[in-house]
Amino acid sequence: MSYPKHHPFASVMALAVPVLCLQCSQALAQATVTSTLPAITVNASRLDASQSPVGMTVDKASMAARLPATSDTASLLVDVPGLSLYGAGGVSSVPAINGLADDRLRIKVNGMDLIASCPNHMNLALSYIDPTQVGALTVYAGIAPVSSGGDSIGGTITAESLAPEFAAPGQNAIVKGEAGTFYRSNNSASGANLSASYATETFNISYSGATSKADNYTAGGDFKTYDFTGRIGHTLARDEVGSTAYETRNHTLGLAFKHDKHLLEAKVGIQDLPFQLYPSQRMDMLHNKQDSLNLHYLGQFDWGSLDARAYQENVDHFMDFGPDKRYWYGMASGGGAALDGAPCAAPVYGMGPTSCAAGMPMYTEGQTTGLGVKADVILNSQNRLRAGAELLQYRLDDWWPASGAGMGPGTFWNIKNGERDRRALFAELETRKSAQWMTLVGVRVEQVRSDAGQAAGYSPAGGGFQGRDADAFNAKSHASTDNNVDLTALAKYTANANYDIEFGFAHKVRSPNVYERFTWSTWQMAALMNNFVGDGNGYVGNLALEPESANTLSATFDWHAADSSWGFKATPFYTQVDDYIDAVQWNATTNTPATTLVTDKFSVMKYMNQSARLYGANVSGHMPLAKTGWGEFGFKGLLNYTRGTNETTGGNLYNIMPLNAKLAVTQKAGGWDNSLELVAVKAKTDVSAVRNEIKTPGYSLVHVRTSYSWKTVRLDLGVENLFDTLYSLPTGGAYTGQGTTMTNPALPNYPQWGTAVPGMGRSIYVGMNVKF
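Definitions and limits used
Residues numbered from 1 in each chain as written. Predicted model: local features only at pLDDT ≥ 70, side-chain atom pairs only at ≥ 80, totals over all residues. Heavy atoms only, no water. Helix = DSSP H or I, 4+ residues; strand = E, 2+ residues; numbered from the N terminus. Rg over C-alpha atoms; globule rule 2.2 N^0.38 Å. Buried < 20%, exposed > 50% of the residue type's maximum accessible area, 1.4 Å probe, protein only. Contact = heavy atoms within 4.5 Å. Phe/Tyr/Trp six-rings, centres within 6.5 Å; stacked < 30°, edge-to-face > 60°. Lys NZ or Arg CZ within 6 Å of the ring centre and 35° of its normal. Salt bridge = Lys/Arg side-chain N within 4 Å of Asp/Glu carboxyl O. Pairing = 2+ DSSP bridges. pLDDT = per-residue confidence, 0-100. Disulfide = S-S within 2.5 Å. Arc of directions from axis to C-beta. Core = buried A, V, L, I, M, F, W, Y, C linked by side-chain atoms within 4.5 Å. Polar contact = N/O pair within 3.5 Å; in protein donor to acceptor, adjacent residues only side chain to side chain.

Engineer: I keep staring at the overall build of the protein and nothing clicks. Help me out?
Structural biologist: On a plain count of helices and strands, the protein comes out with five helices and 34 strands. In terms of C-alpha radius of gyration, the protein reaches 26 Å, essentially the compact-globule figure of 28 Å for 772 residues. Its C-alpha atoms give the protein principal-axis dimensions of about 85 × 55 × 55 Å. Here the protein holds 772 residues, and the buried ones make up 55% of them. Once local pairs closer than 6 in sequence are excluded, the contacts in the protein between residues at least 24 apart make up 71%.

This is the structure we're talking about:
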């Protein structure tokens, strides 16, 4: 495929090709060496499955340094090139790879393909594993192998807990564990983690648990002009970011049995999350209970390996207005213009002077059942075949009981008997013809079937066209079947010990999720509750949506020392997405697209297929600076640029992280490990007009971290945002963390459009971890 000179991808490649040619001209001649495939690791203590060779595994040392500073597992990915985070709850940031996020990524936790069961996507997959429970994080960006997952267009992220360990033959039983704790000053966050295991030659039992709790955080200065919350007697300081508190508890019990070259594992996971408040959503998570059973078999044979998994996850989720948002509604509470809702005798239905509603309870139940099997077959010394099948069954009910005023007297069924089932077959061939060349070619065929039951409003005669919209939805067929095909072709050329290049093409397809297809009400209040991007708008589903289809070209140019003491990588990329699921402003009265674009206020949107284009480049590197009596000094750098445009409208895609960089000077001496970091982010001016996205100014932050490690003890101390800078999160969404959030109220009530969620001000953290 060729591109005209003016094409953005041509411009990106033009930056990298001269450097590539210069390096090629300096490449040393290589001796011809017969290449063989890497073997599957087998030793006395553990078994490891073969992995596709193109993923990036997050460095364990960098993860360890961040553990006392975060309770959000997604934040452990911040040093991955091309990766950014959408702001959400305190333990539920949304990772984005090259501008594509949420369900556009395939995210697996211990091999389980988990789905957010919430109209706001508050319970994302990575929120179910605490940072201290993570053993490995791997990112497959853009050109993800078909074996790493399907039904996604942006890449794959896998999170794994520590693999079970076994005693060597003749060795005594292994008893080990670790315990840790932390404290962070800004939001008085605290927590603890504990893990322990007992293992013989053939048996392993393990437990890991973690808990964390935090109050609201404060910004680096006043970012709003009001202090009321919608609750009488409760105010927030003007630098306090409302609805950012959380409490979470995660537990995992594991059993593992090993016989010869066969491993059988069973994991039981439980999350009990009392609350997680959201500054960019109308509602808050006030309860989330998840339990999962995960069975895994791994066997190694003369011909290769067989990997099989079966799992089930159950989620009970509850939302309502948290303590920083108005709870009482209706005329008896003071009406929509009241700054604070007065308690009243609920429930009283209707819109009369005595009408009263006590909150707006919202319940979601989700169940995910998965089966998967993958064979890794060594065909010969140069070729390895990976082939497998996956089945995934998802069930969802989302309903809102009556609470008074206009919410009743019946139950509002947002999605009833929602179904989304996936069936997939895949195969990929990894070939190493020589020491210089590796190729990976794969195909994945996937069928996605979705369906939902009948919709129902609080009342057929209720406001907001509930009866009309429910009737229109119920008159249509809800069932759909998508037959999707993914293709991946990737090659890696190793020129010499100091330089290699990886390049490829991927065609990926993603079917709409249940909330994109089956939410049905154009009523402003109901639509505002269906939003998983945090922009303050309301969203309506679309039964006519087609799957997204993305074509991605990418290359990684990698210069490095033979011992990896220094390295430099540059990765330009280009993605064209057909039938990209964006949104248009919607006129609820006519039930048609709005003819006049609403600006400077929140709106109601409807999902629509359009076309999109994303392109950019990510650069990273590290190098030693000096080795002195004060220790070893080094430098790390990261630069990310992504541009996203809607080719149908000519506008910008929503929530694209602007140009950003991170520079760090490190120092190591004995047990000391120190770093001084600078984070710089350009102003966000390329915003989505149709979503009224808020522009944010540029900023820079300084972080200082230090740690000291003994044989079994590690102590961490650090300061984030050293100079207490006030800044807005470019992808943090619109601030709706306090006030009358059920509707888009008239002045002087809030939240009003125009305030971005600010980042955290200065925070000092300390953490300790002890191994035993």
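Engineer: What exactly am I supposed to notice about the packing of aromatic side chains here?
Structural biologist: Two descriptors summarise a pair of aromatic rings, namely the distance from one centre to the other and the angle between the planes of the rings. This structure, assessed with the given rule, holds 23 aromatic pairs. With centroids separated by 5.1 Å and ring planes inclined at 85 degrees, the aromatic side chains of F223 and Y735 adopt a geometry described as edge-to-face. Separated by 512 residues along the polypeptide, F223 in the loop between β11 (203–214) and β12 (246–259) and Y735 in the loop between β33 (713–720) and β34 (763–771) bring together distant segments of the chain. In terms of burial, F223 and Y735 fall into one category: buried. Their ring planes at 65 degrees and their centres at 4.6 Å tell us that Y708 and W710 sit as a pair that is edge-to-face. Relative accessible area serves as the criterion here: at 24%, Y708 is assigned to the partly exposed category. An aromatic cluster is defined as three or more aromatic residues linked by ring pairs; in this entry it consists of W400, F412, Y458, W520 and W523. Just above the ring of Y580 sits the side chain of R104; from NZ or CZ to the centre is 4.1 Å.

Engineer: Please clarify how the pattern of salt bridges should be interpreted in this entry.
Structural biologist: Working definition: two side chains of opposite charge can pair if their charged atoms are close together. On inspection of all chains with the given rule, the structure shows 35 salt bridges. Between E265 and K267 there is a salt bridge, with its nearest N and O atoms 3.1 Å apart. The same class applies to E265 as to K267, namely buried. A salt bridge links R510 to E516; the shortest N-O distance between them is 3.2 Å. In this pair, the class of R510 matches that of E516, namely buried. Salt bridges linked by common partners bring R106, K108, D113, D151, E390, R420, R422, R444 and E446 together as one network.

Engineer: Which parts of the structure should I look at to understand the pairing of strand β20 (residues 412–431)?
Structural biologist: Consecutive side chains of a regular strand alternate in pointing toward one face of the sheet and then the other. Pairing geometry for strand β19 (residues 383–400) and β20, over 17 bridges, is antiparallel. Its bridge partner lying in β20, N383 is registered against T431. Direction of pairing for β20 relative to strand β21 (residues 437–451): antiparallel, over a ladder of 13 bridges. Bridge pairing in β21 links E419 to D451. Linking two consecutive strands that pair antiparallel, namely β20 and β21, is a turn of five residues.

Engineer: How do you make sense of the environment of G220 when you look at a structure like this?
Structural biologist: Within the secondary structure, G220 is located in the loop between β11 and β12. Taking the relative accessible area as the measure of exposure, G220 reaches 21% and is therefore partly exposed. Residues G220 and Y607 lie 387 residues apart in sequence; the distance between their C-alpha atoms is 36 Å. Beyond its immediate chain neighbours, meaning those up to four positions away, G220 contacts D724, T725, L726, G759 and G761.

Engineer: What should I look at first to understand the confidence of the model for the protein in this one?
Structural biologist: Reading predicted coordinates in detail is not appropriate for stretches of low pLDDT. Confidence along the protein averages 92 in pLDDT terms, with 93% of residues attaining 70 or more. pLDDT under 50 marks residues 1–46. Its contacts with residues more than four places away, or in other chains, come to 79 contacts.

Engineer: Can you help me understand the state of the cysteines in this one?
Structural biologist: Disulfide: a covalent bond formed between the sulfur atoms of two cysteine residues. In total, this model carries one disulfide according to the counting rule given. Put simply, C344 and C356 are joined by a disulfide, and their sulfur atoms are 1.9 Å apart. Of note, the bridge from C344 to C356 carries an S-S torsion of about 85 degrees and is right-handed in sense. Residue C344 is located in the loop between β16 (328–329) and β17 (357–358), and its partner C356 is located in the loop between β16 and β17; the two are separated by 12 residues in the primary sequence.

Engineer: How do you make sense of helix α3 (residues 466–474) when you look at a structure like this?
Structural biologist: Count 3.6 residues to each turn of an α-helix, and residues three or four apart come out pointing the same way. Inspection of α3 places Q466, G467, D469, A470 and F473 among the buried residues, and these make up the whole buried set. Projected down its long axis, α3 shows its buried positions confined to an angular sector of 165 degrees, all on one face. In this structure, the buried residues of α3 make contact with β20 and α4 (514–518).

Engineer: Mind showing me how you'd approach the sheet that holds strand β5 (residues 105–109) here?
Structural biologist: Within a sheet, adjacent strands bond to each other through the backbone by hydrogen bonds, running parallel or antiparallel. Read across the sheet, five strands follow the order β1-β7-β8-β5-β6 without closing on themselves; strand pairing throughout is mixed. Taken across any chain shown, the strands that pair with only one partner, and hence form the sheet edges, are β1 (56–57) and β6 (112–113). Two strands pair when backbone bridges link them, and β5 and strand β8 (residues 155–160) are joined in this way by five bridges, in the parallel orientation. Bridging from a neighbouring strand, I107 pairs with I157 of β8.

Engineer: What is the right way to look at the sheet that holds strand β4 (residues 100–101) in this model?
Structural biologist: Strand order in this open sheet of three strands is β2-β3-β4, and the pairing throughout is antiparallel. The two strands at the open ends of the sheet, each matched to only one other strand, are β2 (83–86) and β4. In terms of strand pairing, strand β3 (residues 94–97) meets β4 through two bridges, oriented antiparallel. Looking across to β4, one finds that A96 is bridged to A101.

Engineer: Quick question: what am I supposed to make of the nonpolar core here?
Structural biologist: Most often, soluble globular proteins keep nonpolar side chains buried together rather than apart. Counting 78 residues, the largest nonpolar core has L77 and M360 as the members making the most contacts within it. No other element matches the four residues that β19 contributes to this core. Sequence-distant contacts of M360, defined by excluding residues within four places in its chain, comprise M283, M319, D320, F321, W400, S403, M407, Y458, M525, M529 and M742.

Engineer: When you look at the environment of L653 in this model, what are you seeing that I'm missing?
Structural biologist: Residue position: L653 is located in the loop between β29 (631–646) and β30 (660–669). Residue L653 is classed as buried on the basis of its relative accessible area of 1%. As for L653 and T73, which are separated by 580 residues in sequence, their C-alpha atoms are 26 Å apart. For L653, the contacting residues outside a window of four places in its chain are Y580, D582, A612, R613, L614, G644, T645, N646, S688 and E693.

Engineer: What should I look at first to understand the side chain of S450 in this one?
Structural biologist: Residue position: S450 is located in strand β21. When its relative accessible area of 4% is taken as the criterion, S450 is described as buried. In this structure the side chain of S450 is engaged in a polar contact, spanning 2.8 Å, whose partner is the side chain of S480. Only 3.1 Å separates the side chain of S450 from the side chain of R517, close enough to count as a polar contact. In this structure, S450 is in contact with E419, R420, H478, A479, S480, R517 and F518, ignoring residues within four places of it in sequence.

Engineer: Before we go on, may I ask you to explain the pairing of β19 in this structure?
Structural biologist: Sheet topology places strand β18 (residues 362–378) next to β19; 16 bridges connect them, and they run antiparallel. Across the sheet, residue T368 finds its bridge partner in β19, namely Y394. Adjacent in sequence and paired antiparallel, β18 and β19 are bridged by four residues.

Engineer: Would you mind showing me how to read the side chain of T156 here?
Structural biologist: Tracing the backbone shows T156 in strand β8. A distance of 3.3 Å separates polar atoms of two side chains, one belonging to T156 and the other to S148. When sequence neighbours within four positions are dropped, the list of residues in contact with T156 reads R106, T138, V139, Y140, A144 and S148.

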